[in-house]
Amino acid sequence: MLKKKMPVAEPYKIKMVEPLMMSNRDYRKKAIKNAHYNTFLLQSQDVYIDLLTDSGTAAMSEYQWAGMMLGDEAYAGSKNFYVLEEAVQKYYGYEFVLPTHQGRGAEHIISKLLIKPGDYVPGNMYFTTTRAHQELAGGTFVDVIIDEAHDAMSVHPFKGNVDLEKLQSLVDRVGKERVPYLNFQACVNMAGGQPFSLANLKSVSAYCRSQGIKIILDATRCLENAWFIKKKEPGYDCHSIAQILMEICSYTDGCTMSGKKDLLVNIGGFLGLRDSQLYEKACEFGTLFEGLHTYGGMAGRDMEAMARGIEEAVKEEHLDQRIGQVHYLADRIQEYGVPIVLPVGGHAVYIDAAAMLPHLSQDQFPAQSLAAALYVETGVRAMERGVVSAGRDKTSGEHNYPKLELVRLTVPRRVYTNSHMDVVAYGVGECLERRNKISGLNMTFEPENMRFFQARFDLISKKKTEKPQTGVRGQICGNSQSTTNNRYADQIKERLR
Ligand code: PLI
């Protein structure tokens, strides 16, 4: 029977290609060993399909490349800055725009501007760089996302929502004067790229305004969030993505933006603000840490490319294909019976490594181990999003043990075809087949900050990996956190049931 629905295909054709390195298993085994079992330490030339991140990895369009030739590399007042400023004002509605070299540049500035030592910064789950800057400024991050976000199996359509009760109880506990702002992230990365609903943002915004607490939007994947609102939230199907984006921003006081995701560029970001006094102060910090307020660490040509990226990224056909490809990959992976986070988010498929490798305790870094095994299997590079990424508690020095132990397969925008996605799914399926042979890892080198980028690991000997769950943590790391470990083992059993 003929299919009735028109398939979604790429709204572009390919003009230039970049050859990929094909390697064999033995080569990859050596490469991952040399990279200390950390996919961040692999050389990109040794990777076949690179799903490490969707950050800065997009293919730019001919329109963006043409804009690069119009770069005005003046130190001050580059014409490309004004083009970018106008695009942000038009689509995001923030009057004041400070370019930054990438998203974390904007996070640094907003944290320094608004956080005083001893403050609390609530957010809908953390992001690594965001929380690091909040802590560097003397703040304490408090997770106020709804509980469903921590449950890989929950199919809540808006797992990025803020739990208003959790927020209120924080404010009641510490006082509103200790809560300078709420960080509201679009398509929450660590939860699996999960969107918030406009209804939730609206009610949280009303509460925050009544308390004098600002809302700073992490707009990094806000267009993808807008797409989910259009598709899932009642009353928004007839709205354009641009309209939804503008409405989202209207409930917030400012935004930090990594242009390297939604905005289809390889580098760049900005801080968007409404308050002129805050902007003036931000310009001072921007000049100190990033560069003058009309370039903020970006070349003129890059500002032009990002401005043009904004125009392209709000197009619905672009988002249909972009998110459609992520969902295509998720469907193929599920056909192999691999457990993934549901519902599928906007930028990546997250494999539930805890459920897939129940023979490994969380101290044996299941997600890190699976990412390394996947590379060996097919040359696909993925990223750990579990206990390694979560780092250590600053006070107790213990690992932060997240409930989710995930491997992220992040799809770059406009780069790979669905045939590549088929190969990725096959590789994940092969890992599932031989999951009992995947051994855990020991951390042999651990940087103090953002350890996941540079940490080094070694394979745990097979004998140790195959020991039973209970008490494994004590044997491997020599500490006494068996309660957390048992809870973790219970969760896995629950998921496998
Ligand atoms: O990598 P930056 O500095 O341009 O952006 C930092 C950043 C802020 N917020 C969110 C939600 C992010 O996802 C983010 C960066 N994400 C990376 C690098 C990623 O691989 O997901």
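Residues numbered from 1 in each chain as written. Predicted model: local features only at pLDDT ≥ 70, side-chain atom pairs only at ≥ 80, totals over all residues. Heavy atoms only, no water.

Draft legend 1. Structural context of the overall build of the protein chain. Across its full length, the protein chain carries 20 helices and 14 strands. The C-alpha atoms of the protein chain give a radius of gyration of 22 Å, which matches the 23 Å a tight globule of 497 residues would have. Sequence-distant contacts in the protein chain: of pairs separated by 6 or more residues, those separated by 24 or more amount to 73%. Accessible surface, the protein chain as shown: approximately 21100 Å² in total, 52% of it carbon and sulfur. (Helix = DSSP H or I, 4+ residues; strand = E, 2+ residues; numbered from the N terminus. Rg over C-alpha atoms; globule rule 2.2 N^0.38 Å. Contact = heavy atoms within 4.5 Å. Areas by Shrake-Rupley, 256 points an atom, 1.4 Å probe, with all protein chains shown as cover.)

Draft legend 2. Structural detail: the site of the ligand. In the vicinity of the ligand there are 18 residues, among which T53, R104, D218, S258 and R408 approach most closely. One nitrogen or oxygen atom from the side chain of S258 is found 2.6 Å from an oxygen atom belonging to the ligand. Protein chains shield 95% of the accessible area of the ligand, which is 460 Å² for the free molecule. Among the elements that line the shell around the ligand, the one with the most residues is helix α4 (residues 103-114), at three residues. (Near = heavy atom within 4 Å. Polar contact = N/O pair within 3.5 Å; in protein donor to acceptor, adjacent residues only side chain to side chain.)

Draft legend 3. Local environment of the pattern of salt bridges. Considering all chains together, one arrives at 23 salt bridges under this definition. Across the salt bridge formed by R413 and E224, the nearest N and O atoms sit 2.8 Å from each other. Here E224 lies in helix α8 (residues 222-232) and R413 lies in the loop between β12 (406-410) and α16 (418-433), a separation of 189 residues in the sequence. Like E224, R413 is buried. Residues R308 and E304 are paired through a salt bridge, measuring 3.1 Å at the closest nitrogen-oxygen approach. Placement of both R308 and E304 in helix α11 (residues 300-313) is noted, with a separation of four residues, approximately one turn of the helix. An identical accessibility class is assigned to R308 and E304; each is buried. Each of D54, R221, E224, R322 and R413 takes part in one network of salt bridges that share partners. (Salt bridge = Lys/Arg side-chain N within 4 Å of Asp/Glu carboxyl O. Buried < 20%, exposed > 50% of the residue type's maximum accessible area, 1.4 Å probe, protein only.)

Draft legend 4. Representation of the environment of S55. Checked against the element boundaries, S55 lands in the loop between β1 (49-50) and α2 (62-68). Residues S55 and R435, 380 residues apart in the sequence, show an inter-C-alpha distance of 29 Å. At 2.9 Å, the side chain of S55 forms a polar contact with the side chain of K261.

Draft legend 5. Expanded view of the layout of surface pockets. Quantified by volume, the largest pocket comes out at close to 1600 Å³. As for the largest pocket, its lining consists of 40 residues, and the residues nearest its centre are M16, A59, M60, R414 and V415. Taken together, the elements giving at least two residues each to the lining of the largest pocket come down to α2, α11 and α12 (316-335). Residues of the lining of the largest pocket, tallied by class, amount to 19 nonpolar, nine polar and 12 charged. Roughly 1300 Å³ of volume is contained in the second largest pocket. Considering the residues around the second largest pocket, the lining is formed by 44 residues, among which R131, A390, G391, R392 and N400 are closest to the centre. When contributions to the lining of the second largest pocket are tallied by element, the ones reaching two or more residues are α5 (128-136), β4 (140-143), α15 (387-390), α17 (451-454) and α20 (482-496). Counting residues per element, the lining of the second largest pocket draws most heavily on α5, at seven residues. (1 Å grid on protein atoms, 1.4 Å probe; cavity = no way out; pocket = protein on both sides within 12 Å on 5 of 7 lines; lining within 4 Å. Points joined across faces, edges and corners; volume = space filled by probe spheres on them. Nonpolar A, V, L, I, M, F, W, Y, C, P; charged D, E, K, R; others polar.)

Draft legend 6. Molecular detail of the packing of helix α1 (residues 25-34) against helix α14 (residues 366-378). At their nearest, the axes of α1 and α14 sit 7 Å apart, and the two run at 150 degrees to each other. When the interaxial angle is binned, α1 and α14 end up roughly antiparallel. You can see that α1 and α14 cross each other, and the crossing is right-handed. Each of R25, R28, K29, A31 and I32 in α1 lies in contact with α14, whose residues at this interface are A372, Y375, V376, E377 and T378. (Axes fitted to C-alpha atoms, helices over the stretch in contact; angles between N-to-C directions. Parallel < 35°, antiparallel > 145°, perpendicular 65-115°, else oblique. Left-handed = near helix turned anticlockwise from the far one by under 90°.)

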